[in-house]
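This is what each chain is made of:
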Amino acid sequence: MRHQWPAVLASGVLCAAVIAPLRAQGVSGAAIDGVVVSSASSAPVSGAAVIVRSAATGARLELRTAPDGRFLVENLPPGGPYTVLVRAAGFAAAERDSVILALGQRLRLIVRLTAQPTALAPVRVVGASLPGASRTGASHMVSDSAIRRLPLLSRDFTELIQTAPGVVGTSVGGANNRFNNILIDGGSDNDFFGLSRGTGTPGGQEGARSLPLEAVQQFDVLSAPYDVRQGSFTGGQINAVTRSGTNDVHGSLFGFFENQSLVGDNPNGTHAPRFDTYQYGGSLGGPIVRDRVHYFVAAELRHRATPFGGPEIAPGSSVGIPVDSANRFASLLRQYGIDAGSYGPFSTIADAANVFGKLSVATGASGLLDLSVTYAHGATTDSIAPARAANGDYRLTSAGFSPNATTWSTRARWTTLLGRRFSNEALVGVSSTDEPRTAASGAPAVFVSNVGNAGTRLIAGADPSSQRLGLHQRWTELTDNLTAAFGAHTVTVGAQAELLHFSFSNFSSAIGQYQFLNLDSLAAGRPSRFIRNVALDPDAATADFGVGIGGLYAQDAWRVTDALRATVGLRLDLMHFPAQPHANP
């Protein structure tokens, strides 16, 4: 089969800026960009030992300065606090503690060592980092404290992107949310097929959220970053990192409940209709092996029962359909072996669950491995659409449907230091989402006209558009970024490969639908019309295809001065469709 390469994108960027503090380090981490010099002569100190230690987890990274005195620690987990300890022969040790790193931050640190031929206690380094020069695009960060302070009844962190300027709902810069790119720990978390109308995440339309809120450490919103590692969007990039376990066992619990008993009466004195809403969950994190292996888990469960608030068939109602007509309609369908369901009040039930687990392992004195698994599920039962309308179509509960969405995601991220100059980040991600939609009835749909006022119809049986409808999508990603420091130049080269597979069935009236002019025609068994779609090729009812996306990129970030940074980069993206569309004669 001939391969197709329909889309090729190459982009280059060149920018210079003066800002403070330094930003846009990378996709899912932070960095320390430092230099060690002699306090007496300002000469660089080569071969100095640098130890970066996390006070929370005890994990430590060790490296030595280059001949020009520089050191670069990439891909540090955001947060902290970190302690930076520098030692060199002939100098007193220097230490900088309480270093807190934000997502995407590159901390510029100058360490001045005092000559001292004899051993002395460490000298504490104080003072703020110097201004950086890398913020070349609009960005907005939401910290862990802000996530927990801001009111968020839905507990969906993607709603907090509205705190960023230029964001309305989930639209960044006026673009549809399908043009956004959502990352979790550096890996994609997108509804690639595009059914999620609200959040842009897999199963978002059914309430299957990406993460429990307790698992989110912080995230940022980028609309125009000048970093070749950040691509695949023209709207905005929402980049979230998750919490990890520490040397201390810590946990949390929460619960929320509401029903009609907690709501006052309506203005006319009537009680609120019956409903109930509850959500509860918690988190737990701690050490498995102190300073080496840590765990973190979080879970949330949600339930919501919402009563239908529209018109109902009842004596004196404005629906335009007599009660006798509705009763006769249900009775006639029972004679045909069809359960029409109820024409009275009903409630739509929405259930959702999120579970997140993470294992963090320090790999020696130069690396960190994060393994995470996410489960997200959302289901809605007794959903009726279009809704019941006065003097129009009136659907009984058998015409309802139940959409579901279940997502499993697994990610592995390994960051490591390689010698004095190099650092590497490797990311592997796999995700699978199933979104079936099930009709409430297995019988063909039945439409009966002229059951009351002009334009009214009674409808029961399987919803035609839900008789065969479902989506399965699978995503696999491989990414590797290698960064090297050469004096004032920080060079990054990388490659990314994404494999997508979709299986989408959308075949309305697969069971069929009957249309009758009136109830007498239904009683006589004389339909005016019968519709059933049959595929000439059974496989043609399902679109089954794959997409391959590959990217190669390189960039050089040149620190001209401590207040000026120039970045030049080139990225090439290729899209590959391995199969031709299935022919349906």
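Definitions and limits used
- Residues numbered from 1 in each chain as written.
- Predicted model: local features only at pLDDT ≥ 70, side-chain atom pairs only at ≥ 80, totals over all residues.
- Heavy atoms only, no water.
- Helix = DSSP H or I, 4+ residues; strand = E, 2+ residues; numbered from the N terminus.
- Lys, Arg positive; Asp, Glu negative; His and termini not counted.
- Charge placed at Lys NZ, Arg CZ, Asp CG, Glu CD.
- Buried < 20%, exposed > 50% of the residue type's maximum accessible area, 1.4 Å probe, protein only.
- Contact = heavy atoms within 4.5 Å.
- Salt bridge = Lys/Arg side-chain N within 4 Å of Asp/Glu carboxyl O.
- 1 Å grid on protein atoms, 1.4 Å probe; cavity = no way out; pocket = protein on both sides within 12 Å on 5 of 7 lines; lining within 4 Å.
- Points joined across faces, edges and corners; volume = space filled by probe spheres on them.
- Nonpolar A, V, L, I, M, F, W, Y, C, P; charged D, E, K, R; others polar.
- Phe/Tyr/Trp six-rings, centres within 6.5 Å; stacked < 30°, edge-to-face > 60°.
- pLDDT = per-residue confidence, 0-100.
- Pairing = 2+ DSSP bridges.
- Axes fitted to C-alpha atoms, helices over the stretch in contact; angles between N-to-C directions.
- Patch = residues over 30% accessible without salt bridge, like charges linked within 9 Å, V, L, I, M, F, W, Y side chains within 5 Å.
- Areas by Shrake-Rupley, 256 points an atom, 1.4 Å probe, with all protein chains shown as cover.
- Expected span 1.5 Å × (residues − 1).
- Arc of directions from axis to C-beta.

## Thoughts on the overall build of the protein chain
Okay, step 1: Scanning the protein chain from terminus to terminus reveals 3 helices and 32 strands.
Okay, step 2: Once the C-alpha set of the protein chain is aligned to its principal axes, its extents read approximately 105 × 65 × 40 Å.
Okay, step 3: In the protein chain, 45 positive and 43 negative side-chain charges are present, and the distance between their average locations comes to 5 Å.

## Notes on the environment of P464
Okay, step 1: Within the fold, P464 resides in the loop between β26 (457-460) and β27 (469-486).
Okay, step 2: Overall, the relative accessible area of 14% leaves P464 in the buried class.
Okay, step 3: Apart from the residues lying within four places of it in its own chain, the contact partners of P464 are A445, F447, S508, S509 and Q513.

## Digging into the pattern of salt bridges
Okay, step 1: Enumeration according to the criterion identifies 15 salt bridges in this entry.
Okay, step 2: Residue R108 is joined to D33 by a salt bridge in which the shortest nitrogen-to-oxygen separation is 3.7 Å. Residue R108 is found in strand β8 (residues 106-113), and its partner D33 is found in strand β2 (residues 30-38); the two are separated by 75 residues along the sequence. In this pair, the class of R108 matches that of D33, namely buried.
Okay, step 3: The closest approach of N and O atoms between R60 and E62, which form a salt bridge, is 2.9 Å.
Okay, step 4: Since its relative accessible area comes to 38%, E62 is described here as partly exposed.
Okay, step 5: One network of salt bridges, in which partners are shared, links R155, E214, E300 and R302.

## A word on the environment of P386
Okay, step 1: Within the secondary structure, P386 is located in the loop between β21 (367-381) and β22 (393-395).
Okay, step 2: For P386, a relative accessible area of 54% puts it in the exposed group.
Okay, step 3: Sequence spacing of P386 and G400 is 14 residues, and the spatial spacing of their C-alpha atoms is 9.7 Å.

## A word on empty space enclosed by the protein
Okay, step 1: For the structure on display, the rule yields 5 cavities of 30 Å³ or more.
Okay, step 2: Taken as a whole, the second largest cavity encloses approximately 80 Å³ of empty space.
Okay, step 3: Considering the residues around the second largest cavity, the lining is formed by D33, R70, F71, L72, A485, G487, A488, T490, R559 and R565.
Okay, step 4: Of the residues forming the lining of the second largest cavity, the biggest block, 3 residues, is contributed by strand β5 (residues 70-76).
Okay, step 5: Residue composition of the lining of the second largest cavity, by class: 4 nonpolar, 2 polar and 4 charged.

## As for the packing of aromatic side chains
Both the distance between ring centres and the angle between the ring planes are used here to describe each pair of aromatic rings.
Okay, step 1: The final tally for this structure, using the stated rule, is 11 aromatic pairs.
Okay, step 2: Aromatic side chains F193 and F502 sit 5.6 Å apart centroid to centroid with 50° between the ring planes, which places their arrangement in the tilted category. With F193 in the loop between β14 (187-188) and β15 (216-222) and F502 in strand β28 (residues 489-506), this residue pair connects regions lying 309 residues apart in the sequence.
Okay, step 3: Measuring from ring centre to ring centre gives 6.4 Å for F296 and F356, while their planes differ by 55°; the resulting arrangement is tilted.

## Some words on the confidence of the model for the protein chain
Okay, step 1: This prediction gives the protein chain a mean pLDDT of 85; 91% of its residues lie at or above 70.
Okay, step 2: This model gives residues 1-26 a pLDDT under 50, and the stretch forms 93 contacts once residues within four places in sequence are excluded.
Okay, step 3: This stretch, residues 126-134, has a pLDDT under 50; its non-local contacts, to residues over four places away or in other chains, come to 26 contacts.

## Quick notes on the sheet that holds β8
Okay, step 1: Pairing within the open sheet is mixed, and its 3 strands lie in the order β5-β2-β8. For this open sheet the edge positions go to β5 and β8, each flanked by a neighbour on one side alone. Each strand of the sheet is rotated relative to its neighbour by a mean of 20°, with strand direction disregarded.
Okay, step 2: Bridge count between β2 and β5: 5 bridges; the pairing is antiparallel.

## Thoughts on the sheet that holds β14
Okay, step 1: In spatial order, the strands read β10-β15-β16-β13-β14; together these 5 strands make up an open sheet with mixed pairing. Pairing within the sheet leaves two strands with one partner each, and these edge strands are β10 (139-142) and β14.
Okay, step 2: Two strands pair when backbone bridges link them, and β10 and β15 are joined in this way by 4 bridges, in the antiparallel orientation. Each bridged residue has a counterpart across the sheet, and for V142 the counterpart in β15 is F219.

## Observations regarding a nonpolar patch on the surface
Okay, step 1: Together, F257, L262, V263, Y278, Y280 and L301 make up an exposed nonpolar region whose accessible area comes to about 550 Å².
Okay, step 2: Positionally, Y278 belongs in strand β18 (residues 276-289).
Okay, step 3: Here Y278 falls in the partly exposed class, since its relative accessible area comes to 32%.

## Considerations on unusual backbone geometry
Okay, step 1: Following G80, the chain continues into P81 via a peptide bond in cis, with omega recorded as 0°.
Okay, step 2: Tracing the backbone through its elements, the reader meets P81 in strand β6 (residues 79-87).
Okay, step 3: In the segment running from A385 into P386, the intervening peptide bond is cis, with an omega of -10°.
Okay, step 4: Phi at D291 takes a positive value of approximately 70°, unusual for a residue other than glycine.
Okay, step 5: Judged by its relative accessible area of 30%, D291 is partly exposed.

## Re the environment of A215
Okay, step 1: Following the sequence through the fold, A215 ends up in the loop between β14 and β15.
Okay, step 2: When the C-alpha positions of A215 and V547 are compared, they lie 31 Å apart, and in sequence the two are 332 residues distant.
Okay, step 3: Leaving out residues up to four positions away in the same chain, A215 has contacts with V241, T242, R243, F296, A298 and F356.

## Focus on helix α2 (residues 323-335)
Okay, step 1: In a regular helix each residue adds 1.5 Å, so 13 residues correspond to 18 Å; α2 covers 19 Å between its end C-alpha atoms and thus fits that length.
Okay, step 2: Burial in α2 covers these residues: S325, A326, F329, A330, L332 and L333. The buried residues of α2 occupy one face: seen down the axis, they fall within an arc of 160°. Every exposed residue of α2 that faces more than 90 degrees away from the buried side is listed here: D324, R334 and Q335.
Okay, step 3: Of the residues flanking the end of α2, it is G337, one or two places downstream, whose phi is positive at about 80°.

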